[in-house]
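# Observations on the model geometry
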Amino acid sequence: RQAMIDQMVEGLATRLRANPKDADGWIKLMRSRMVLGQASQASRDLASARKAFAGDAAQLGRIEAAARELSVPAQP
C-alpha cells in the first residue's frame, strides 16, 4: 500500500515539473509530503512552487498560506 501511495505522490510531482502552473497541485504535493514525513522534500516543492508563481501574487499567497498551515520548513 505504501508503494502505491509513494507512486501517486511521485506521479503528482512529475506532472508538476511538466506543468508547474498548478497552485492546487503544489499545495496537494506539499500536504502529501508532510503527511508522509518528507518535510525536506516538501520544502523543496515549496521553493519550486515559488519559482513557478513568482509573478502571481494571488496564487503565491495561497501557496505561502498553505505552507504555513502545513508547517513546511524553510529551506536552509
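First, a word on what this report is: a plain description of the structure on this page.

Rules used in this analysis
Residues numbered from 1 in each chain as written. Predicted model: local features only at pLDDT ≥ 70, side-chain atom pairs only at ≥ 80, totals over all residues. Heavy atoms only, no water. Phe/Tyr/Trp six-rings, centres within 6.5 Å; stacked < 30°, edge-to-face > 60°. Lys NZ or Arg CZ within 6 Å of the ring centre and 35° of its normal. Helix = DSSP H or I, 4+ residues; strand = E, 2+ residues; numbered from the N terminus. Contact = heavy atoms within 4.5 Å. Axes fitted to C-alpha atoms, helices over the stretch in contact; angles between N-to-C directions. Parallel < 35°, antiparallel > 145°, perpendicular 65-115°, else oblique. Core = buried A, V, L, I, M, F, W, Y, C linked by side-chain atoms within 4.5 Å. Buried < 20%, exposed > 50% of the residue type's maximum accessible area, 1.4 Å probe, protein only.

### Looking at the packing of aromatic side chains
All chains considered together, the criterion is met by zero aromatic pairs. The lysine or arginine in question, Lys21, covers the ring of Phe53, its NZ or CZ lying 5.1 Å from the ring centre.

### Notes on the side chain of Ser43
One can find Ser43 in helix α3 (residues 39–52). With residues near it in sequence (within four places) discarded, Ser43 still touches Val72, Pro73, Ala74 and Gln75.

### Side note on the packing of helix α2 (residues 23–35) against α3
The N-to-C vectors of α2 and α3 enclose an angle of 170°; their axes lie 8 Å apart at closest approach. Classified by the angle their axes make, α2 and α3 are roughly antiparallel. On the side of α2, the interface is formed by Trp26, Leu29, Met30, Arg33 and Met34, while α3 contributes Ala39, Gln41, Ala42, Asp45, Leu46, Ser48, Ala49 and Ala52.

### Some thoughts on the nonpolar core
Formed by 19 residues in total, the largest nonpolar core has its most connected members in Trp26, Leu29, Met30, Leu46, Phe53, Ile63 and Val72. At the level of secondary structure, the elements contributing two or more residues to this core comprise α1 (2–18), α2, α3 and α4 (57–70). The biggest single contributor to this core is α2, with five residues. With sequence-adjacent residues up to four places away left out, Met30 is seen in contact with Ala42, Asp45, Leu46, Ile63, Ala66, Ala67, Leu70 and Val72.

### Description of the environment of Pro20
Here Pro20 lies in the loop between α1 and α2. When its relative accessible area of 30% is taken as the criterion, Pro20 is described as partly exposed. Remark: the alpha-carbon pair of Pro20 and Gly61, spanning 41 residues in sequence, is separated by 16 Å. Setting aside residues up to four positions removed in sequence, Pro20 forms contacts with Trp26, Ala52 and Phe53.

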